[in-house]
Each structure stands twice: as structure tokens, then as C-alpha cells.
Amino acid sequence: MKNILMIGTGGTIASEMTPSGLTPELNSKQLLSFVPRIGELCHVDCIQLYSLDSTNIRPAHWLGVAKTIQENYDRYDGFVISHGTDTMAYTAAALSYLVQGSPKPIVLTGAQKPIWFDGTDSKRNLTDAFLYACRGCGGVQIVFNGKVILGTRARKTCSKSFQAFSSVNYPDLAVLQDEHLLQYMRCACYPRPVFYDTLDDSVGLLKLIPGTPAAVLEFMLERFDGLVIESFGVGGLPEYEGDASYYDIIRRGVERGKLVVMTTQVPNEGSNLAVYHVGGRLKSTLRLLEAFDMTTEAAVAKLMWILGQTRDFDEAEKLFYQPVARDILYEN
């Protein structure tokens, strides 16, 4: 029987009703008491690390989860992290950079309804997560609604329904149905994982809308050392008449050592700055990075991981385009 460590962080799955709404209050052992079947699948130990609505999760919590996995890695065959759905994709991406190449499964799951609700998805998701932790491949994954999604490719795409998560620009790794696992793809793993313990959270995200004032971009580059810009379509920056130049603001920022990542707010198929003048000029003349088919969640987490190691653009560029857990597949 496999030994699995369950790390509790809170979320809807562990919430109780309060006068102001649902709040995480149940611990990991209490969650398991609702699903006795899990005790027949594996031996489980529990660590209640946090009891947070995932809206309140920050990079410091990602480091805490990674540290807990590292401290307990040799004692367990796999790990299940119960987590709120709203920021689970960010946590999954961050853990993919903090714990690289794990030959043991590191599985995140949660629910759209608390475990005590009638018709909850909690019990299925928990059971599937433990099944995958026992039988699945290594690496960081989200297990939710019968799907296994690579940690660097997950995004929450439904706010209420049970099929909350989608795999962006990459196939699902596996499916689980009635305790049967069909593994489509396996993750590349090292003999032992490589752990990192540093992130720099001085990273901002700017989603452009038509008419975004250039002053907003200037403020973001003053405030943060790294900036991910979600542009339109395949990518580019506006060139508005009579407004300060976005291009010049970016140019001054990168000259000061800021790391800028261009991506797209379009959910699928990624960016290609070279297609149009509004992107091609940036790509050919400025030292910035392009996310291509990466998710925004992965681009943000990877930039935090990179800034925790270096501010040198050449080294940052090398790290950004070096695939980690299949987070980026191509450069156009």
C-alpha cells in the first residue's frame, strides 16, 4: 500500500457556511472522514499547512508548500494538495518551477462545492487525486472532474460548473473514470527532483483594453521588476496618436533592467509577435520575452522563479525559453 502525504491549504472543498459566506474551516483529516474509500487505497498522513480561501494565496504560500514537499519527499510515494480552485492554476504552475522533475506525483485538487454539500464534486475529486498519486506519473498535475492536467498548462475556465479546469495548448495527461486510470501521456522526470526555494514576487500583470493609458504601463514598469503584458490577438502594443509612446516606455524599462514578457489574452493557440507591425517592431528592436503558447499563469510564475535567480537578461532569456514541465513548446 502506497504512502501518500495530504497537504491541506483550505479552499471551497474545506469550507463551512458563515454569516458572510463560505470560509475554509475543515482540516485535511476531517475531509478524509467524508471519503472512507481513500483509506482502502493508500496510507495517508496529513499536514494542515493553511486554511485559506485561495483568493488569499500568495507566492509565500507556494514556497511553503514546496518546502513541505521537500522536507517529506523521501518518506512518501506521492503528494495530494487540497486547494481552492480560484488560484489553483497559479499554484500548480509555481510548484512546477519550485519542484522540477519529480518522479513522484504531486497532485492538486479541490472542488466547486464544499464536501458536505449535496451533490458535491469533492468526493470524486479527492478519490481521483489519491488514485493518481498512487498510480500516476511524476510531476505536478491538477486532477479535477476526471481529468489530469499538466501543472503548467491548467487554467480555470468555468466559475461554477464541475468541469472547472481546461488544459491550454496541450492535451490532458490522463482521465479517471470509476477508479480506472487511462494515462495518455507521461511526464519526463529526473531520478530525484530539483528543489528551488526562492521566488521574487515583484512581477505584475497588465491586461490591455482598447485605450489603456500609457501612464498605466509606465506605472507598472516603475512598480515591478518583471511585467507580463496580455496584449490582443497574436500580440503587439498600441500606437495611439497624441498619447505617450508605449514603445518608448517599454524601451526605457528594459534599459533599466526590467524584464518584460509579451503574451496574449486570447485563451488558445498563443502569440506570434512577428505577424504584425505592432508586434514585429517590438520583437526586432527591444530585449523582451515572448510567451508563445505558455499560459499567463505559467508566464507569471516562471518570471517570479527567474527573477529569484537572476536579473541578467541573457540568462533570464535562456531560462525563460528552456522548457520546464512542457510549459513552452515552440518559438515562432
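Structural notes, computed from the coordinates.

Evaluation of the coordinates by the stated rule reveals 17 salt bridges. A salt bridge links Arg-251 to Glu-255; the shortest N-O distance between them is 3.5 Å. Separated by 4 residues within a single helix, Arg-251 and Glu-255 lie in helix 7 (residues 246-255), roughly one turn from each other. Note on Arg-251: relative accessible area 27%, which makes it partly exposed. Notably, a salt bridge pairs Asp-314 with Arg-287, separated by 2.3 Å at the nearest N-O pair. Here Asp-314, found in helix 10 (residues 313-321), pairs with Arg-287, found in the loop between helix 8 (277-285) and strand 18 (289-290); they are 27 residues apart in sequence, far enough to count as distant. Residue classification places Asp-314 among the partly exposed residues on the basis of a relative accessible area of 43%. Salt bridges linked by common partners bring Asp-200, Asp-225, Lys-258 and Arg-311 together as one network.

This brings us to the packing of aromatic side chains. The tally for this structure, following the rule as stated, stands at 10 aromatic pairs. When the centroid spacing of 4.6 Å and the interplanar angle of 70 degrees are considered together, the rings of Trp-116 and Phe-117 count as edge-to-face. The class of Trp-116 is partly exposed, set by a relative accessible area of 33%. Judged by centre distance (5.1 Å) and plane angle (65 degrees), the rings of Phe-144 and Phe-165 are edge-to-face. Separated by 21 residues along the polypeptide, Phe-144 in strand 8 (residues 139-144) and Phe-165 in strand 11 (residues 165-167) bring together distant segments of the chain. For the pair Phe-144 and Phe-165, a shared accessibility class is recorded, and that class is buried. Grouping aromatic residues by their ring pairs yields a cluster made of Tyr-73, Tyr-76, Phe-79 and Phe-195.

A word on the sheet that holds strand 9 (residues 147-150). The strand order across the open sheet formed by 8 strands is 4-1-5-7-8-9-12-13, and the pairing between neighbours is mixed. Looking at strand neighbours, the two that pair on one side only are strand 4 (43-52) and strand 13 (180-183), the edges of this open sheet. Averaged over all pairs of adjacent strands, the angle between their axes in this sheet comes to 20 degrees, without regard to strand direction. Note that strand 1 (residues 3-10) and strand 4 share 7 bridges and pair parallel. For Gly-8, the partnering residue across the bridge sits in strand 4 and is Gln-48.

So, about the packing of helix 9 (residues 296-307) against helix 10. Orientation of helix 9 relative to helix 10, taken along the N-to-C sense of each, is 140 degrees, at an axis distance of 10 Å. Judged by the angle between their axes, helix 9 and helix 10 are oblique. In terms of crossing hand, the pair formed by helix 9 and helix 10 is right-handed. The residues of helix 10 that touch helix 9, namely those facing Lys-302, Trp-305 and Ile-306, are Ala-316, Leu-319 and Phe-320.

Moving on: the packing of helix 4 (residues 88-98) against helix 9. Contact geometry of helix 4 with helix 9 gives a least axis separation of 8 Å together with a crossing angle of 40 degrees. Compared by their axis directions, helix 4 and helix 9 come out oblique. Pair helix 4 / helix 9 crosses with right-handed handedness. On the side of helix 4, the interface is formed by Ala-89, Tyr-90, Ala-93, Ala-94 and Tyr-97, while helix 9 contributes Glu-297, Ala-298, Val-300, Ala-301, Lys-302 and Trp-305. Counted by class, the contact of helix 4 with helix 9 contains 9 nonpolar, no polar and 2 charged residues.

What counts and how
- Position numbers for residues count from 1 along each chain, tracking the sequence in the order it is written.
- It should be noted that, the model being predicted, local features are given only for residues of pLDDT at least 70 and side-chain atom pairs only at 80 or more, the latter also being counted only at that level, while totals for whole chains, interfaces and linings use all residues.
- Calculation of side-chain values draws on the structure's entire complement of heavy atoms; hydrogens and water are dropped beforehand.
- In what follows, salt bridge is the name for a side-chain nitrogen of Lys or Arg lying within 4 Å of a carboxyl oxygen of Asp or Glu.
- Under the scheme used here, helices are H or I runs from DSSP no shorter than 4 residues and strands are E runs no shorter than 2 residues, and both carry numbers assigned from the N terminus.
- Three labels apply to residues, based on accessible area from a 1.4 Å probe with only protein chains included: buried if under 20% of the type maximum, exposed if over 50%, partly exposed otherwise in between.
- Centre distance within 6.5 Å is the pairing criterion for rings of Phe, Tyr and Trp, where only the six-membered ring of Trp is used; planes under 30 degrees apart are then read as stacked, over 60 as edge-to-face, and the remainder as tilted.
- Strands pair, by our definition, only if DSSP identifies at least two bridges between them.
- Think of each axis as a best-fit line through the C-alpha atoms, taken over the contacting stretch in the case of a helix, with angles from 0 to 180 degrees between the N-to-C directions.
- For classification purposes, an angle smaller than 35 degrees is called roughly parallel, one larger than 145 roughly antiparallel, one from 65 to 115 roughly perpendicular, and anything else oblique.
- What makes a crossing left-handed is the near helix being turned counterclockwise from the far one by less than a right angle; a clockwise turn instead makes it right-handed.
- By the convention used here, residues are in contact when the closest approach between their heavy atoms is within 4.5 Å.
- Just so you know the grouping, Ala, Val, Leu, Ile, Met, Phe, Trp, Tyr, Cys and Pro go in nonpolar, Asp, Glu, Lys and Arg go in charged, and all remaining residues, Gly too, go in polar.

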